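Analysis of the macromolecular model
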Amino acid sequence: MVSPLNPLLEEALPEKDETAGIQKPLRLLKHVPEDPVPLIELANHSIVSTRQFTAEQVVQLARLAAKHEAVPQQARRPLVGKILISAFYEPSTRTRLSFESAWHRLGGDIMSITDPATTGIAKGESYADVGEMLNNYGDLVVLRETNDKAIYQMMESLRIPIVNAGNGIEEHPTQALADMYTLFKWRPALMDKDIEKTKKARIGIIGVPANMRTVRSLLYMLALFHNSFEEVVIFCNEKQVFAEHQLENLTEMGLNIRISIDLNADLPSLDVIYINSIAWIGDDYKEYGQEYSLSKKSPIKKGAIVMHPLARGKELSTDLDNTPHNWYFAQARGAVFVRMALLTCLVQHNW
Ligand code: CP
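Residues numbered from 1 in each chain as written. Predicted model: local features only at pLDDT ≥ 70, side-chain atom pairs only at ≥ 80, totals over all residues.

Examining the packing of helix α4 (residues 55-70) against helix α8 (residues 173-186)
How we decide: Axis lines are fitted through C-alpha atoms, for helices just across the contact stretch, and the angle between N-to-C directions can take any value from 0 to 180 degrees. What counts as a helix is a DSSP run of H or I of at least four residues, what counts as a strand is a run of E of at least two, and both are numbered from the N terminus. Here the word oblique covers every angle except those under 35 degrees (roughly parallel), over 145 (roughly antiparallel) and from 65 to 115 (roughly perpendicular). What counts as a contact is two residues whose backbone-derived C-beta atoms lie within 7 Å of each other. Each residue is assigned to one of three groups, with Ala, Val, Leu, Ile, Met, Phe, Trp, Tyr, Cys and Pro labelled nonpolar, Asp, Glu, Lys and Arg labelled charged, and all others, Gly among them, labelled polar.
Two elements in contact, α4 and α8, have axes whose closest approach is 10 Å; the angle formed by their N-to-C orientations is 75 degrees. Taken together, the axis directions place α4 and α8 in an arrangement best described as roughly perpendicular. Between α4 and α8, the contacting residues are Val58, Leu61, Ala62 and Ala65 on the first element and Leu177, Met180, Tyr181 and Phe184 on the second. Per-class residue counts for the contact of α4 with α8 are eight nonpolar, no polar and no charged.

Structure, rendered in structure tokens:
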């Protein structure tokens, strides 16, 4: 599939093929034609779960993100005069700052809560009452909370859209969008409904689907594109790998999943390795998978990419940072453009 590109984009094409450059988003843009219709449906909606998205919406959000990444000089400022309420009741480096960066780049203003002790929640105020107040102060809320029910309670009274930036162990839908954007930049054919067999990918996920919100959300996104993934191998030696009905749901959606405990045996055949180790449990986090780690010495296939939602721990050696396997920094960088795309669609659909 080839769509006409504006001359500015063609001129911008550099010689060098690099993950942080603009060649990858340009390739994505060329691969898929623009279709604004699926995105119009997102206007004024809240985003709580990955399950709300269709494959068409994910592809078009990736395309819009690629436009923001490839030609930032063309970006308009559609959110001038709009206020983001950025409420992070749990620590975050990437999600909060990339949402705020995205909103700023779109021209909007921000009110940020970074310390739970500074709002009425610390005094026992209900999320529904806080939500009622937030209606008066801004145009969209981004919420991260360890309590997975908080977003639903806030939505009881909210009349402005809210985006889930991570609710306990349940979901992290915008991380999954950023993950898919990374995969589509790496191999645009993954977006094709009628993907050629040779273009399909085998992906390994080192993590615990039952307890890790990033992995849970990613698996649902992968299931939307199940035809593009030959196999999804989960590396986990926990007693409980999946939550109740999780595996059945994913399998019913068409995802071909296998569990393995022998990472090094499978690594040479994987095209993508997604690694994560942290899950929030209650008021604290737990590190999983100490026994699984990746480094330059791991038998990673030539051309394979490594992804990680970050923050990293011992499971991902820094000696991979300066290798072509490192797509985790590109993944974090791309999240800004994905969030720009999503926020534009949610707040207004005249992009
Ligand atoms: N990927 C991610 O959620 O990172 P932060 O915890 O830093 O937001």
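Here the narrative resumes, following the displayed structure.
Describing the packing of α4 against helix α12 (residues 328-347)
Using the following cut-off: Crossing handedness is defined as follows: a turn of the near helix away from the far one that is anticlockwise and smaller than a right angle gives a left-handed crossing, while the clockwise case is right-handed.
Running from N to C, α4 and α12 point in directions that differ by 115 degrees, and their axes come no closer than 8 Å. The interaxial crossing formed by α4 with α12 has right-handed handedness. Contacts between α4 and α12 involve Leu61, Leu64, Ala65, His68 and Glu69 from the first element and Gly334, Phe337, Val338, Met340, Ala341 and Leu342 from the second. Partitioned by chemical class, the residues of the contact of α4 with α12 number eight nonpolar, two polar and one charged.

With respect to unusual backbone geometry
Quick reminder of the rule: Counting other C-beta atoms within 10 Å of a residue's C-beta gives its exposure: the residue is buried at 20 or more, exposed at 12 or fewer, and partly exposed in between, where C-beta atoms are placed from the backbone.
Residue Ala311 is reached from Leu310 by a cis peptide bond, and omega for that bond is 15 degrees. Here Ala311 shows up in the loop between β11 (305-307) and α12. Even without being glycine, Asn44 reaches a positive phi, approximately 65 degrees. Tracing the backbone through its elements, the reader meets Asn44 in the loop between α3 (37-40) and α4. Taking the C-beta count within 10 Å as the criterion, Asn44 has 13 such neighbours and is therefore assigned partly exposed.

Digging into the nonpolar core
Threshold: A set of buried residues drawn from Ala, Val, Leu, Ile, Met, Phe, Trp, Tyr and Cys, joined through C-beta atoms within 7 Å, is what defines a nonpolar core.
Core analysis: the largest hydrophobic core is formed by 102 residues, its most contacted members being Leu61, Ala62, Ala65, Val272, Ile273 and Val338. Ranked by the residues each element gives to this core, the list is headed by α12, at 14 residues.

Re the site of the ligand
The cut-off we apply is this: Residue proximity rests on one test: whether the C-beta atom, placed from the backbone, lies within 6 Å of the molecule or strand.
Lining the immediate surroundings of the ligand are Ser92, Thr93, Arg94, Thr95, Gly166, His172, Gln175, Pro309, Leu310 and Ala311. A class-by-class count of the residues in the shell around the ligand yields three nonpolar, six polar and one charged.

Considerations on the sheet that holds strand β1 (residues 83-88)
Applicable threshold: DSSP calls a pair of strands paired once it identifies at least 2 bridges connecting them.
One open sheet accounts for four strands, arranged β2-β1-β3-β4; its pairing is parallel. The sheet is open, and its two edges are formed by β2 (109-113) and β4 (162-167), each paired on a single side. Going across the sheet, the axis of each strand differs from the next one's by a mean of 10 degrees, ignoring polarity. Pairing of β1 with β2, which is carried by five bridges, proceeds in the parallel orientation. Paired with Leu84 across the two strands is Ile110, which belongs to β2. Most of the contacts of helix α5 (residues 94-105) go to β1, to which it runs at about 175 degrees, and overall it touches β1, β2, β3 (140-145) and β4.

Quick word on the sheet that holds β11
Strand order in this open sheet of five strands is β7-β6-β5-β8-β11, and the pairing throughout is parallel. Of all strands in the sheet, those with a lone pairing partner are β7 (257-260) and β11, marking the two edges. Sheet twist, expressed as the average angle between the axes of neighbouring strands with direction ignored, equals 20 degrees. Where strand β6 (residues 229-235) lies against β7, four bridges are found, and the strand directions are parallel. Looking at the pairing, Ile234 lines up with Ile259 of β7.

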